[in-house]
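# Observations on the model geometry
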Amino acid sequence: MTQADGYLLDNRQREAAQRFGAFAALFDPTTFRHLEALGLAPGWSCWEVGAGGTSVVSWLAEKVGPAGRVVATDIDTSLLATAAHAPVEVRTHDVGTEEPPGEGFDLVHARLVLVHVPDREHALRSMIKALRPGGLLLIEDADPALQPLTCPYEYGPEQRLANRLRQGFRGLLAERGADLSYGRKLPHLLREAGLHQVEADAYFPVASPACTALESATVRQIRDRLVAAGLATDEEIDQHLANVAAGTMDLVTAPMISAWGRKE
């Protein structure tokens, strides 16, 4: 997806760094656990697709060491500048339309990326093409349709408002080509693409400070789109942000499904 397509969650918006910080707090432990279980070791060559922020890139760089290589790509690399030193190479790249930035990678990883890419089939082929024989692919993506609510326990007006705004957000994503049920498809897609030893699991964070931070940053980032689409008023958004800040609601995110496999 190019920026001209009107990506809903632009990395250059001021809330983007707050969202990536919340993602790191929520999902880094799961991502790192999977990468370690896959055998990540010094000297590996890794491609981090749609890197966004620096937490995973910096962790990978530490693990592969000076003998390794980490290529971090995104359509907008503005938040990756601090990570752009050996063994990290930062490149502007659109995984949905362009050829991979090289081949022979030991590991290719993408987190919360492909759900937003219109040509996910091309992106998946590109990521597998980039792997060496025996190389590993780990894709972690959300499945908002599996759990579409902000507040699964809807017992008052605050929760109902939160869930209505979340539904509006999901609608805006779908209009821009997001596949809101993509996460559950990953094991099948990896097997269909010819990968072996395919496995998957899911992580579903509930009621954490990072969930609250993510909700606040996301709603502030898309508030103009929600209002312009007639999905909410400024007053409703202000009320929701005040409700979130009060810290009395149990806020959740969509489940993140992690799937991995090996290239033959």
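Our structure is the block above this text.
The following refers to the structure shown. (Residues numbered from 1 in each chain as written. Predicted model: local features only at pLDDT ≥ 70, side-chain atom pairs only at ≥ 80, totals over all residues. Heavy atoms only, no water.)

## A few points about the pattern of salt bridges
Just so we agree on the cut-off: Within this document, salt bridges are pairs made up of a side-chain nitrogen of Lys or Arg and a carboxyl oxygen of Asp or Glu, the two lying within 4 Å of each other. Helix and strand definitions here come from DSSP, where helices need a minimum of 4 consecutive H or I residues and strands a minimum of 2 consecutive E residues; each element is numbered from the N-terminal end. Only protein chains enter the accessibility calculation, which uses a 1.4 Å probe. A residue is then buried if its area is under 20% of the maximum for its type, exposed if over 50%, and partly exposed in between.
The tally for this structure, following the rule as stated, stands at 15 salt bridges. Residues Arg 69 and Glu 89 are paired through a salt bridge, measuring 3.6 Å at the closest nitrogen-oxygen approach. Linking Arg 69 in strand S2 (residues 69-74) with Glu 89 in strand S3 (residues 88-92), this pair joins segments that are 20 residues apart in sequence. Accessibility expressed as a relative area gives 28% for Arg 69, which makes it partly exposed. A residue is classified by how much of its surface remains accessible, and Glu 89, at 29% relative accessible area, is partly exposed. What you see here is one network of salt bridges that share partners, running through Arg 69, Glu 89 and Arg 91.

## Here we look at the packing of helix H6 (residues 209-228) against helix H7 (residues 234-246)
Under the convention used in this document: With axes taken as lines fitted to C-alpha atoms, and helix axes fitted only over the stretch in contact, angles between N-to-C directions fall between 0 and 180 degrees. With respect to orientation, any angle under 35 degrees is reported as roughly parallel, any angle over 145 as roughly antiparallel, any angle of 65 to 115 as roughly perpendicular, and every other angle as oblique. A contact between two residues is defined here by any heavy atoms of the two lying within 4.5 Å.
Direction vectors running N to C along H6 and H7 enclose 175 degrees, while the axes themselves pass 10 Å from each other. Comparing the axis directions of H6 and H7 gives the class roughly antiparallel. Within the contact between the two elements, H6 uses Thr 212, Glu 215, Ser 216, Val 219, Arg 220, Arg 223, Leu 226 and Val 227 and H7 uses Asp 234, Ile 237, Asp 238, His 240, Leu 241 and Val 244.

## Describing the nonpolar core
Selection rule: For the purposes of this section, nonpolar cores are sets of buried Ala, Val, Leu, Ile, Met, Phe, Trp, Tyr and Cys residues that join through side-chain atoms within 4.5 Å.
Trp 47, Val 108, Leu 114, Met 127 and Leu 137 are the most contacted members of the largest nonpolar core, which totals 25 residues. Going through the elements one at a time, strand S1 (45-49), strand S4 (105-111), helix H3 (120-129), strand S5 (131-142) and helix H5 (186-192) are the ones with two or more residues in this core. Per element, the largest residue contribution to this core is four residues, and it comes from H3. Of all hydrophobic cores here, the second largest spans 22 residues; its members include Val 70, Ala 72, Leu 80 and Ala 83.

## Things to note about the sheet that holds strand S6 (residues 196-203)
Strand pairs in the sheet, formed through backbone hydrogen bonds, run parallel or antiparallel to each other. For clarity, the cut-off: Paired strands are those between which DSSP finds at least two bridges.
Across the sheet, which stays open at both edges, the seven strands sit in the order S3-S2-S1-S4-S5-S7-S6 with mixed pairing between neighbours. A strand with exactly one partner marks an edge of an open sheet, and here the two such strands are S3 and S6. The sheet shows a mean angle of 15 degrees between the axes of neighbouring strands, taken without regard to direction. Bridge count for S1 against S4 is four bridges, and the pairing is parallel. Across the sheet, residue Glu 48 finds its bridge partner in S4, namely His 109. Lying over the sheet, helix H1 (residues 16-37) contacts S4, S5, S6 and strand S7 (256-262), oriented at roughly 150 degrees with respect to S4. Contacting S1, S2, S3 and S4, helix H2 (residues 55-64) crosses the sheet at an angle of about 165 degrees to S2.

## Here's the deal with the state of the cysteines
Spelled out, the test is: Cysteine sulfur atoms that come within 2.5 Å of each other are treated as a disulfide pair.
The tally for this structure, following the rule as stated, stands at zero disulfides. For Cys 151, which is in no disulfide, the shortest distance to another cysteine sulfur is to Cys 211 and amounts to 11 Å.

## Here's the deal with the packing of aromatic side chains
Here is the rule: What counts as a ring pair is set by centres within 6.5 Å for rings of Phe, Tyr and Trp (its six-membered ring), and what kind of pair is set by the plane angle: stacked under 30 degrees, edge-to-face over 60, tilted for all other angles.
Under the defined criterion, the tally for this structure stands at six aromatic pairs. Between Phe 27 and Tyr 203, the aromatic rings sit 6.1 Å apart at their centres with planes inclined by 90 degrees, giving edge-to-face as the arrangement. Of this pair, Phe 27 sits in helix H1 while Tyr 203 sits in strand S6, and the two are 176 residues apart along the sequence. A relative accessible area of 2% places Phe 27 in the buried class.

## Regarding the side chain of Asp 74
How we decide: By the criterion applied in these results, polar contacts are pairs of N or O atoms within 3.5 Å in which, for protein atoms, one can donate a hydrogen and the other can accept it, and in which residues neighboring in sequence qualify only through two side-chain atoms.
Within the fold, Asp 74 resides in strand S2. For Asp 74, the side chain forms a polar contact with the main-chain nitrogen of Gly 52, separated by 2.8 Å.

Nothing here speaks to function; it is all geometry.
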